[in-house]
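A look at the structure
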Amino acid sequence: MDTSLMSSPGVMMLFGLSPILALGLGGLLLMLAEAFGRPVVAHALEAQAIGAQPAGPEGQIVDAGAGRAAELALGAAVILFAGAIFSVALWLVGPENVTATERVAPYLLIDRFSVFFSFVVCLGGGIAALLAGGYLPEHRIERGEFFPLLVFCTLGAQALAAAGDLLSLFVALETMSLGVYCLVGLRRTSVRASEAALKYFLLGSFAAALMLFGAALLYGATGRTDLAGIGEAIAGLSGDGLEGRAAQILIALALLIVGLAFKVGAVPFHMWTPDAYEGAPTPTTGFMAVAVKTAAVAVLLRVLLVVFADERLGSWGTGWPPVLATIAVLSMFIANFIAGRQESVKRMLAYSSIAHAGYVFIGVVATSRSVDAQASVLFYLLTYTVSTLGAFGALILAGRYRAEAVSYEDLAGFGRRHPAAALAFSFFLISLAGVPPTAGFFGKLYVFKAAIQGELYWLVVLGLINSVIGAYYYLKVLVFMYMREPKPGAPFATPMRSGYVATALVIAACFVLGLGILPDTALEAAVAAVLGG
Amino acid sequence: MALDLVVEHYVLLSGLIFLIGAVGFVTRRNVLVQLMSIELMLNSVNLALVAFNRQHGGAMNGQMFAFFVIAVAAAEVAVGLAIVLQFYRLRATVNSDEADGLRH
């Protein structure tokens, strides 16, 4: 190895930040390519030539990047997967050996925890970019800015998982959120999309403001903005200093939990989730369900375990564990019951993602009892990312323009008409339900195991009951696909053809199956990535 | 005769403004007023940050934080107004209760 190169702090700094820099620079390049690329208007011309309605409700806006979705999607996917590969390289070298990155601390902490999450969100973003490459042209959403926005949102998610200071935490959170608001409202001529974007924006900004006030209170109580410093200052409080500041710190804790639970989409802060997920273009929905949620859980873990690790705040009598346990139980039960009553498959998947937030929170609660529980949360988020994107990808694959798969009825007889697409859909739903040998099974297994080790038996029992309830609505899709026939004259879904969507599904399927058969490598990585481990 | 203002007064004022913003957001149904309420909340945070900075002094973390909050709030309003405008074009209303097309 070239020791002179590796010992240069500048090079090591670049290497340590390479996952983040790859996305930042790549996003800028993509934005330039989108702005200066020649729009392809062939699609609009073709529509006029065959006498289709000239000013339809969708896709009549021709601007820079129009018709270039396929090229831009490839570019975005390359950038995002490059970010994932840089994360793996950094992981193999070991972030603790790259000491040059200490100069960006505490604003960005390049540790195994953040590198793990960097990989997960880049993987999720890359698969979402490929899905969009098929979905946007098919559904006549000729908007090239989707891809730079997607890359910058993923950058925000990476930075959020790496944030070690209240300041960078807030900026990263907003970087991620502002982009996602735009991605939700991408279909500018759709009333539903604009309503979804409006609701998500209003509630998201409200939650961010609540969180920010909590951050200001923490700064006031301790005089520090770096998370580790606040944690030390809180641990050092006693006597009079504690008397005066206890209320302030507890309010800050509550505001931070509320703000982050909003971003995760956990009950009772989930009101926006089904609407925003349903109104958004499906690749955006997939991205929101995985990357935004994953990054929010990452920062929640860091806040709880670094700032509020004090035994008074982390205890079951006076601290956050009972609050999070309540959120977990509510999320699972309420989301699962409502999901079972949905007629739209996309809305069902939205509620299912709320229920999964509940399972994740079981693991987060268990971290108050053992360090190992963190590993189960990390592993769960990885399995959840690939399974959920696979399910949304299969939903995209199942529908083409004006023959989309919306309700269960649309999917009746789908298994007989299109066995391959139906098989893919079934596979990812089975993983979400947690049936072996898929990734979802081991994800749930390790979370429940961590909760048992933490002696939270009642949470495990409630989680298992919910897994059974959840299986009902996942299997309902399978029943419709394989055992029902469409009613005469009723519309039914026809699959689209797209190499991008197929590639995305193959990547997701490899991970789901790989993690389901050989979970050891990923689990060891998750164990190595825990905070304070 | 100088009024004897201490940091606590500023923090109390900031908390009050924050509450006004939060209550405004929850009770009003005009999207523009809701946006203004969010701005009020963000600005109350700035006031609190600057006041706390005076209390703690040192590295000027609070003042720096306030600058970042101002910048992010500007970006948020830009995106927010675009979304409100799009909603208004399609629905000809700025009432957030009328964003009900997604309920079944």
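Residues numbered from 1 in each chain as written. Chains lettered and ligands numbered in written order. Predicted model: local features only at pLDDT ≥ 70, side-chain atom pairs only at ≥ 80, totals over all residues. Heavy atoms only, no water.

Of regular secondary structure, chain A possesses 22 helices and 0 strands. What you see for chain A is a C-alpha radius of gyration of 23 Å, in line with the 24 Å of a compact globule of 533 residues. Its C-alpha atoms give chain A principal-axis dimensions of roughly 80 × 55 × 45 Å. The buried share among the 533 residues of chain A stands at 64%. In chain A, 82% of the contacts between residues at least 6 apart in sequence involve partners at least 24 apart. Taking the average location of the 30 positive side-chain charges in chain A and that of its 32 negative ones, the two points are 9 Å from each other. (Helix = DSSP H or I, 4+ residues; strand = E, 2+ residues; numbered from the N terminus. Rg over C-alpha atoms; globule rule 2.2 N^0.38 Å. Buried < 20%, exposed > 50% of the residue type's maximum accessible area, 1.4 Å probe, protein only. Contact = heavy atoms within 4.5 Å. Lys, Arg positive; Asp, Glu negative; His and termini not counted. Charge placed at Lys NZ, Arg CZ, Asp CG, Glu CD.)

Right, let's get into the side chain of Ser 407 of chain A. All names here are of chain A. Its location among the elements puts Ser 407 in the loop between α16 (372–397) and α17 (414–417). Accessibility expressed as a relative area gives 19% for Ser 407, which makes it buried. Once residues lying within four places of it in the same chain are set aside, the contact partners of Ser 407 are Glu 343, Ser 344 and Val 345.

Time to look at the packing of α16 of chain A against helix α22 (residues 520–528) of chain A. Residue and element names in this part refer to chain A. Closest axis-to-axis distance for the α16/α22 pair is 8 Å, and the angle between their directions is 130 degrees. As summarised for this structure, α16 and α22 are arranged oblique, according to the angle between their axes. Handedness of the crossing formed by α16 with α22: right-handed. Residues Ala 375, Leu 378, Phe 379 and Leu 382 of α16 pack against Ala 522, Leu 523, Ala 526 and Val 527 of α22. Residues that form the contact of α16 with α22 fall into these classes: 8 nonpolar, no polar and no charged. (Axes fitted to C-alpha atoms, helices over the stretch in contact; angles between N-to-C directions. Parallel < 35°, antiparallel > 145°, perpendicular 65-115°, else oblique. Left-handed = near helix turned anticlockwise from the far one by under 90°. Nonpolar A, V, L, I, M, F, W, Y, C, P; charged D, E, K, R; others polar.)

This paragraph deals with the interface of chain B and chain A. Every contact between the two is made by 44 residues of chain B and, on the other side, 43 residues of chain A. Taken together, chain B and chain A are joined by 1 salt bridge. Across the chain B-chain A interface, the total number found is 8 residue pairs in polar contact (both at pLDDT 80 or more). For the side of chain B that touches chain A, the elements supplying multiple residues, two or more each, are α1 (7–27), α2 (31–56) and α3 (61–91) of chain B. It is α3 of chain B that provides the largest number of residues to the side of chain B that touches chain A, a total of 17 residues. The residue makeup of the side of chain B that touches chain A, split by class, is 26 nonpolar, 14 polar and 4 charged. (Salt bridge = Lys/Arg side-chain N within 4 Å of Asp/Glu carboxyl O. Polar contact = N/O pair within 3.5 Å; in protein donor to acceptor, adjacent residues only side chain to side chain.)

So, on to the packing of aromatic side chains. Pairs of aromatic rings are described using the distance from one ring centre to the other and the angle between the two planes. Residue and element names in this part refer to chain A. A full pass over the atoms with the stated rule returns 19 aromatic pairs over all chains. Seen in terms of ring centroids, Phe 427 and Phe 428 are 5.4 Å apart; in terms of plane orientation they differ by 65 degrees. Their pairing is edge-to-face. Accessibility expressed as a relative area gives 23% for Phe 427, which makes it partly exposed. Both rings, one in Tyr 473 and one in Tyr 474, keep their centres 4.8 Å apart while their planes meet at 55 degrees; by these two values the pair is tilted. A relative accessible area of 1% places Tyr 473 in the buried class. An aromatic cluster is present here, built from Tyr 181, Tyr 200, Phe 201, Trp 272 and Tyr 277 joined pairwise through their rings. Here the basic side chain of Arg 112 rests over the ring of Trp 91, its NZ or CZ set 4.6 Å away from the ring centre. (Phe/Tyr/Trp six-rings, centres within 6.5 Å; stacked < 30°, edge-to-face > 60°. Lys NZ or Arg CZ within 6 Å of the ring centre and 35° of its normal.)

As a further point, take helix α10 (residues 227–235) of chain A. In an α-helix, one turn spans 3.6 residues, which is why side chains three or four residues apart end up on the same side. When α10 of chain A is considered as a whole, its buried residues turn out to be Leu 227, Gly 229, Ile 230, Gly 231 and Ile 234 of chain A. Check the buried side of α10 of chain A and you find it contacts α8 (166–184), α9 (191–222), α11 (239–264) and α13 (282–307) of chain A.

Quick look at the pattern of salt bridges now. All names here are of chain A. Applying the stated criterion across every chain, the model contains 14 salt bridges over all chains. Close ionic contact of Lys 487 with Glu 409 constitutes a salt bridge, the shortest N to O distance being 3.5 Å. You can see Lys 487 sitting in the loop between α20 (457–483) and α21 (499–517) and its partner Glu 409 sitting in the loop between α16 and α17, a full 78 residues away along the chain. By relative accessible area, Lys 487 is classed as exposed at 51%.

What follows covers the nonpolar core. Soluble, globular proteins show a tendency: their nonpolar side chains are buried together. Among the nonpolar cores identified, the biggest contains 236 residues, and Phe 147, Phe 308 and Phe 361 of chain A are the most heavily contacted of them. Considering each element in turn, this core owes the most residues, 21 residues, to α9 of chain A. (Core = buried A, V, L, I, M, F, W, Y, C linked by side-chain atoms within 4.5 Å.)

This part covers the domain arrangement of chain A. Residue and element names in this part refer to chain A. One can read the domain layout of chain A as domain 1 (8–42 + 57–188), domain 2 (190–264) and domain 3 (318–533). Averaged C-alpha coordinates put domain 1 and domain 3 at centres separated by 24 Å. On the side of domain 3, 27 residues touch domain 1, which itself brings 26 residues to the contact. Across the domain 1/domain 3 interface, buried area totals approximately 2,400 Å², and carbon plus sulfur atoms make up 79% of it. (Domains from an automatic or database assignment. Buried area = accessible area lost by both parts, 1.4 Å probe.)

Examined against the element boundaries, Ser 96 of chain B turns out to sit in the segment after α3. A residue is classified by how much of its surface remains accessible, and Ser 96 of chain B, at 15% relative accessible area, is buried. Sequence spacing of Ser 96 of chain B and Val 31 of chain B is 65 residues, and the spatial spacing of their C-alpha atoms is 5.7 Å. Excluding its chain neighbours within four sequence positions, the residues that come into contact with Ser 96 of chain B are Leu 202 of chain A together with Arg 29, Val 31 and Gln 34 of chain B. At a separation of 3.2 Å, a polar atom in the side chain of Ser 96 of chain B contacts the side chain of Gln 34 of chain B.

Once that is clear, we can look at the environment of Pro 19 of chain A. Structurally, Pro 19 of chain A is set in helix α3 (residues 18–36). Sequence spacing of Pro 19 of chain A and Ala 508 of chain A is 489 residues, and the spatial spacing of their C-alpha atoms is 21 Å.

What follows deals with the packing of α13 of chain A against α16 of chain A. Residue and element names in this part refer to chain A. Direction vectors running N to C along α13 and α16 enclose 170 degrees, while the axes themselves pass 8 Å from each other. Relative to α16, the element α13 lies roughly antiparallel. Between α13 and α16, the contacting residues are Thr 282, Pro 283, Thr 285, Gly 286, Phe 287, Ala 289, Val 290, Lys 293, Thr 294, Val 297, Leu 301 and Leu 305 on the first element and Gln 374, Val 377, Leu 378, Leu 381, Tyr 384, Thr 385, Thr 388, Leu 389, Phe 392, Leu 395 and Ile 396 on the second. In terms of residue class, the contact of α13 with α16 is made up of 15 nonpolar, 7 polar and 1 charged.

Turning next to a nonpolar patch on the surface. Residue and element names in this part refer to chain A. Where nonpolar side chains cluster on the molecular surface, the patch consists of Leu 14, Leu 21, Leu 25, Leu 28 and Met 31 and spans about 460 Å² of accessible area. Per-element tally for the nonpolar patch: the top contributor is α3, with 4 residues. Of note, Leu 14 is situated in helix α2 (residues 9–16). Residue classification places Leu 14 among the exposed residues on the basis of a relative accessible area of 53%. (Patch = residues over 30% accessible without salt bridge, like charges linked within 9 Å, V, L, I, M, F, W, Y side chains within 5 Å. Areas by Shrake-Rupley, 256 points an atom, 1.4 Å probe, with all protein chains shown as cover.)

Residue and element names in this part refer to chain A. In this structure, Ser 498 sits in the loop between α20 and α21. Given a relative accessible area of 15%, Ser 498 falls into the buried group. In this structure the side chain of Ser 498 is engaged in a polar contact, spanning 3.2 Å, whose partner is the backbone nitrogen of Tyr 500. Separated by 3.2 Å, the side chain of Ser 498 and the backbone nitrogen of Val 501 make a polar contact.

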